[in-house]
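# A structural walkthrough
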Amino acid sequence: MDSKHLLSSLFYLLFLSLFSGNGLVLVHGNPFDGLKVSKLFVFGDSYTDTGNTGKAFSYSWKIPYGWSFPGKPDGRFSDGLVLTDFFAEYLGIKSPIPYKFRRIGGKHLGHGMSFAYGGAGVFNTWFPLPNMTRQINFFQQVLKKDRVYSKRDLNSSVALVSLCGNDYFVYILRNGDPIQGWKSHITYVVNQLSLNLKRIHGLGVKKVAVTLMQPIGCLPMNSIHYSFQKCNETQNSYVTFHNHLLLQAVAKLNKQTKDSPFVILDLNRAFKTVFANKGSSKFVDILKPCCLGIRPEFPCGYVDPKGVKKYTICENPESTFFWDFGHPTQAAWHAVYLALRQQF
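I will try to describe carefully the structure that is included in this document. All values reported here derive from a predicted model rather than from experimental measurement. (Residues numbered from 1 in each chain as written. Predicted model: local features only at pLDDT ≥ 70, side-chain atom pairs only at ≥ 80, totals over all residues. Heavy atoms only, no water.)

## What to know about unusual backbone geometry
Phi is mostly negative for residues that are not glycine, and the peptide bonds are mostly trans. What counts here: Numbering of helices and strands starts at the N terminus; helices are DSSP runs of H or I of at least 4 residues and strands are runs of E of at least 2. Burial status follows relative accessibility: with a 1.4 Å probe on protein chains alone, a residue under 20% of its type maximum counts as buried, one over 50% as exposed, and anything between as partly exposed.
Cis rather than trans, the peptide bond between I63 and P64 has omega equal to 15°. Within the secondary structure layout, P64 lies in the loop between β1 (39–44) and α2 (83–91). For the bond running from F69 to P70, omega is 0°, close enough to zero to count as cis. Residue R147 is not a glycine yet carries a positive backbone phi of 50°. Here R147 lies in the loop between α3 (132–144) and α4 (151–154). Given a relative accessible area of 67%, R147 falls into the exposed group. With a phi close to 60°, F228 is a non-glycine residue in the positive phi region. Turning to its location among the elements, F228 is positioned in the loop between α7 (220–223) and α8 (233–255).

Structure follows, in structure tokens:
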């Protein structure tokens, strides 16, 4: 890979969030039954970020992002709605306000808050963005210092956690692919992620839903090397190991806690269901993104100093699964959401 291609890939890689595994929940039935949910708190990266990441670090504030919803860029890494929005819909509440806008949130604070930042990781990544520990620190400050939410609020709360892909992408770029010592690094990340989940629950959140990793080898940034015809199975093998460890960690946490408060969301299975057209038959060229730079070094939304667009957009985003080199379209997220619901 040449240096320009590497930098282009780096940009996209750092704005992902990951999931996958082997079942939506570790128990049968709806894990949220009996809990009248009114608040959703979100921790993660670009798959759940609804506007926290600043314009200096993110193309999500530039045209054509937000093409389908709300019709202009609003900080989401897609042409429209993302995982956070559909998960909130499932819970029967409105999407939570981004932490960035908490001071002007007013009545919107009542739905909870998203602390997710595109490009973030369990640990620090390339950009000076809040990692998961800092995101939980923000949450703790909102609870303890600012007193935005009461204990009663937390009694009807759910957390969504979708993090750790960027940790692996950075590690791959530093050490090469296949990763040297990848099993120990993944173990290191999952161990910290487990501690983070426990900490969120310890702050009073009743249910904590965590995503497993989706097949990262199938992201367009990887499938482009195969003309968008197949996935990078080496990187998908990292996903398998990550998910195995995370499933074990969540099972252990549930054994240590009353009422099994930790829930697994299996995005790997959901993504693959849609890929196989079992969840939707409308997607064509499943691995090819809708918004694509005219050359590898140009990301979606890039405009040169003369104002010339250096990207193309497909005719219908609803017919494509991926929006850009790493993020699903709104239509894809909806299909994934339907696939996740079938797993309950």
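## Regarding the packing of helix α6 (residues 182–202) against α8
The line we're drawing: Axis lines are fitted through C-alpha atoms, for helices just across the contact stretch, and the angle between N-to-C directions can take any value from 0 to 180 degrees. Throughout, a crossing is termed right-handed when the near helix is turned clockwise from the far one, and left-handed when it is turned anticlockwise from it by less than a right angle. Residue contacts are counted whenever heavy atoms from the two residues lie within 4.5 Å of one another. When residue character is reported, Ala, Val, Leu, Ile, Met, Phe, Trp, Tyr, Cys and Pro are called nonpolar, Asp, Glu, Lys and Arg charged, and the others, Gly included, polar.
In contact at an axis separation of 9 Å, α6 and α8 are set at 35° when each is read in the N-to-C sense. As for the relative orientation of α6 and α8, their crossing is right-handed in sense. Across from W182, K183, I186, T187, V190, L193, S194, L197 and K198 in α6, the residues of α8 making contact are S237, Y238, F241, H242, L245, L246, A249, V250 and L253. Residues that form the contact of α6 with α8 fall into these classes: 12 nonpolar, 4 polar and 2 charged.

## Here we look at the side chain of S156
For clarity, the threshold we go by: In protein, a polar contact means a hydrogen-donor-capable atom and an acceptor-capable atom, both N or O and within 3.5 Å, with residues adjacent in sequence counting only if both atoms are side-chain atoms; elsewhere, any N or O pair within 3.5 Å suffices.
As for its placement among the helices and strands, S156 is situated in the loop between α4 and β4 (157–162). Here S156 falls in the buried class, since its relative accessible area comes to 14%. Of note is the side chain of S156, whose polar atom sits 2.6 Å from the side chain of S38. When residues no more than four places from it in sequence are discounted, the contact partners of S156 are L35, K36, V37, S38 and K39.

## Examining the nonpolar core
Rules: To form a nonpolar core, buried Ala, Val, Leu, Ile, Met, Phe, Trp, Tyr and Cys residues must be joined to one another through side-chain atoms within 4.5 Å.
Counting 96 residues, the largest nonpolar core has F43 and F321 as the members making the most contacts within it. With 9 residues, α8 is the single largest residue contributor to this core. When sequence neighbours within four positions are dropped, the list of residues in contact with F321 reads F271, V274, F275, F283, I286, P328, T329, A332 and V336. In this structure, C290, C300, Y311 and W323 belong to the second largest nonpolar core, which totals 7 residues.

## Overview of α8
The following threshold applies: Here, expected helix span is obtained from the residue count minus one, scaled by 1.5 Å.
Under the 1.5 Å per step criterion, the end-to-end length of α8 is 33 Å for 23 residues, consistent within 8% with the ideal 33 Å. The backbone nitrogen of T234 lies 3.0 Å from a side-chain oxygen of the residue at the head of α8, namely N232.

## As for the state of the cysteines
Our working rule: Two cysteine sulfurs form what is called a disulfide whenever their separation falls within 2.5 Å.
Considering all chains together, one arrives at 3 disulfides under this definition. Paired through a disulfide, C218 and C231 show a sulfur-sulfur distance of 2.1 Å. Judged by the sign of its S-S torsion, about 105°, the cystine formed by C218 and C231 is right-handed. Of the two residues, C218 sits in the loop between β5 (207–211) and α7 while C231 sits in the loop between α7 and α8, which places them 13 residues apart along the sequence. Owing to a relative accessible area of 5%, C218 belongs among the buried residues under this scheme. In this model, C290 is linked to C314 through a disulfide, with the two sulfur atoms separated by 2.1 Å. Taking the torsion about the sulfur-sulfur bond, which here is approximately -95°, the covalent link between C290 and C314 counts as left-handed. One end of the pair, C290, is in the loop between α9 (267–275) and β7 (291–293); the other, C314, is in the loop between β8 (311–313) and α10 (330–342), and 24 residues separate them in sequence. Disulfide connectivity for the protein, with bonded cysteines indexed by sequence position, reads 1-2, 3-6, 4-5.

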